[in-house]
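Breakdown of the fold
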Amino acid sequence: MKRLFSSLYAQVLVAIVLGALLGYCQPDWAVPLKPLGDGFIKLIKMLIAPIIFTTVVAGIAGMGDMKKVGKVGVKALVYFEVVTTLALVIGLVVANVFAPGAGVHATVATLDAKAVAPYVGAAQAMTPVESLLHLIPSTFAGAFVDGEILQVLLVALLSGFALARLGEHARPVSNLLHELARMFFSIVSIVTRLAPIAAFGAMAFTIGKYGIGSLAALAKLMACVYLTCAVFIIVVLGGIARSGGFSIWKILRYIREELLIVIGTSSSEAALPGLMEKLERVGCARSVVGLVVPTGYSFNLDGTCIYLTMAALFIAQATDTPLPLAGQLGLLLVLLVTSKGAAGVTGSGFIVLAATLAATGKVPVTGMALILGVDRFMSEARAITNFIGNTVATLMLARWDGEFDRTKAEAILLKPPKEPKPGQAL
């Protein structure tokens, strides 16, 4: 028993249960514990930019072949687009089949528009040109100050290409970056020990603030989101993993500590450094991990895509807003763009939903007030699916590009070869 509770996995699991119990039994005590979770996320976010920079730059400098880096990037973007589009379509189909908002008959005029005003204000969509310019930081250090993942990735790519061009002259810098990366991952291992405290505080706040009653009120929508995410993980991501020789169950077991951190904090970003370290440890090349994981956190959000389509259709059904097939396809096209702007942090899905509804102009944005109380609970399903999706994507892209060390993963992730039947030739 002592050995069991010495593992981070067990500690976080117990913390989540205790936090939920405190939130249910003593909400007045639980709500003020929110800073425990927020502080942990800030500590992790503080380390993400330097980890991405050192990992990507050292990886690209060591790879040397710029064409190979470009091929990995193109493959990753194509993969992300295909899988996230599939997630959007699945969410749309499930929302039509089960119609979780049917029968609510909410009147738009009576909804609390003030409750969703902050999200609508934060969802002012940028034009495509503005989005591209936003990728470029004002200064080299500005990307690290603002903590923008894609800006840090851009700076890291340019730095990696520059070092690769310098050849042997860049070796001292590359060696220094390798050692810095080791230092930052060591800091992550120290900070991660605080995960049980963070999970306890975040879960206590969530249950204490929104209560179990809010779950019952929108149980059908939540059930649809969670079940759809579960099916997507097992069937779609499991099928993709199987095609590469991986077992989805072994993958989930390997990243179980990070999954619990995601559940406890409702943020996939909180487990990003741990995921990068584990993917390298299991055999993925550092350059692939450094390129695919940060990019996936902005462009490969499978769970967010499922949530966005289901939430949009729920609001339309609940407010009796007619949305024929043509309108749903238009919504899908808008989501193909807006869903790529959601970062892996708490609340981003709700902001993107506001931007999407405002852009289409067909579904009332004030209808978001209907799901505001349970969005925090559904953010866990989004974050978990996003996290697993990026894990599978990195493993597959490393495998496809020949940047995967099979010997490291043999006993952990890869399925054992089939034993020949008696009399069958080897």
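In short, a report on the structure.

A count of helical and extended segments in the protein chain gives 21 helices and zero strands. In the protein chain, which comprises 426 residues, the share counted as buried stands at 52%. A sequence separation of at least 24 residues applies to 84% of the contacts in the protein chain between residues at least 6 apart.

What follows deals with the nonpolar core. In terms of nonpolar packing, the biggest core is built from 122 residues, with L353, I388 and V392 touching the most fellow members. If we skip the residues at most four places from it in the chain, V392 touches Y79, L237, I240, A241, I248 and I251.

Right, let's talk about helix α12 (residues 219-243) for a bit. With 25 residues, α12 should reach 36 Å at 1.5 Å per residue; the first-to-last C-alpha distance of 35 Å fits that figure. Positioned one or two residues after α12, G245 has a phi angle of 90°, which is positive.

Attention now moves to unusual backbone geometry. Backbone geometry places A99, a non-glycine residue, at a positive phi of 40°. Tracing the backbone through its elements, the reader meets A99 in the loop between α5 (66-98) and α6 (113-122).

Another point: the pattern of salt bridges. A side chain with one charge can pair with a side chain of the opposite charge if their charged atoms come near. All chains considered together, the criterion is met by six salt bridges. Residue D38 pairs with K34 through a salt bridge whose shortest N-O separation is 2.7 Å. Here D38 pairs with K34, and both are found in helix α4 (residues 34-63), just four residues apart, close to one helical turn. Note that E179 is salt-bridged to R182, the shortest N-O span being 3.5 Å. In this pair, E179 and R182 both sit in helix α10 (residues 171-192), three residues apart, roughly one turn of the helix.

All right, on to the side chain of T55 then. Mapped onto the elements of the fold, T55 is located in helix α4. Here I51 takes part through its backbone oxygen, which lies 2.7 Å from a polar atom of the side chain of T55. Other than its neighbours up to four places away in sequence, T55 contacts F185, M276, E280, R286 and G290.

This brings us to the side chain of T319. Take T319: it is sitting in the loop between α17 (302-318) and α18 (325-338). A distance of 2.7 Å separates a polar side-chain atom of T319 from the backbone oxygen of I315.

Going through the model one piece at a time under the given rule, you end up with six aromatic pairs. Consider the rings of Y79 and F80, whose centres lie 6.2 Å apart with planes at 75°: the pair is edge-to-face. Of the two residues examined, Y79 and F80, each falls in the buried class. Ring-pair connections join several aromatic residues into one group, and the members of that group are F53, F140 and F144. A cation sits over an aromatic face here: K278 above Y254, 5.2 Å from the ring centre.

One can find A355 in helix α19 (residues 348-360). When the C-alpha positions of A355 and V365 are compared, they lie 8.8 Å apart, and in sequence the two are 10 residues distant.

A separate point is helix α14 (residues 256-265). Counting buried positions over the 10 residues of α14 gives eight, a clear majority of the element. Taken as a whole, α14 has its buried residues at E257, E258, L259, L260, I261, V262, G264 and T265. The positive-phi residue at the C-terminal boundary of α14 is S266, with phi of around 60°.

This part takes up the packing of α12 against α17. Here α12 crosses α17 at 145°, and the two axes come no closer than 10 Å. By crossing handedness, the relation of α12 to α17 is classed as right-handed. Residues L221, C224, V225, T228, C229, F232 and L237 of α12 form the contact with α17, whose participating residues are D302, I306, M310 and F314. The residue inventory of the contact of α12 with α17, partitioned by class, reads nine nonpolar, one polar and one charged.

Before going further, it helps to examine the packing of helix α9 (residues 149-166) against helix α16 (residues 286-299). Following both chains from N to C, one finds α9 and α16 inclined at 150°, their axes separated by 9 Å at the closest point. When the axes of α9 and α16 are compared, the pair comes out roughly antiparallel. The handedness of the crossing between α9 and α16 comes out as left-handed. Along the contact surface, α9 presents I149, L150, L153 and L157, while α16 presents G290, L291, P294, T295, Y297, S298 and F299. Looking at the contact of α9 with α16, its residues break down into eight nonpolar, three polar and no charged.

Rules used in this analysis
- Residues numbered from 1 in each chain as written.
- Predicted model: local features only at pLDDT ≥ 70, side-chain atom pairs only at ≥ 80, totals over all residues.
- Heavy atoms only, no water.
- Helix = DSSP H or I, 4+ residues; strand = E, 2+ residues; numbered from the N terminus.
- Buried < 20%, exposed > 50% of the residue type's maximum accessible area, 1.4 Å probe, protein only.
- Contact = heavy atoms within 4.5 Å.
- Core = buried A, V, L, I, M, F, W, Y, C linked by side-chain atoms within 4.5 Å.
- Expected span 1.5 Å × (residues − 1).
- Salt bridge = Lys/Arg side-chain N within 4 Å of Asp/Glu carboxyl O.
- Polar contact = N/O pair within 3.5 Å; in protein donor to acceptor, adjacent residues only side chain to side chain.
- Phe/Tyr/Trp six-rings, centres within 6.5 Å; stacked < 30°, edge-to-face > 60°.
- Lys NZ or Arg CZ within 6 Å of the ring centre and 35° of its normal.
- Axes fitted to C-alpha atoms, helices over the stretch in contact; angles between N-to-C directions.
- Left-handed = near helix turned anticlockwise from the far one by under 90°.
- Nonpolar A, V, L, I, M, F, W, Y, C, P; charged D, E, K, R; others polar.
- Parallel < 35°, antiparallel > 145°, perpendicular 65-115°, else oblique.

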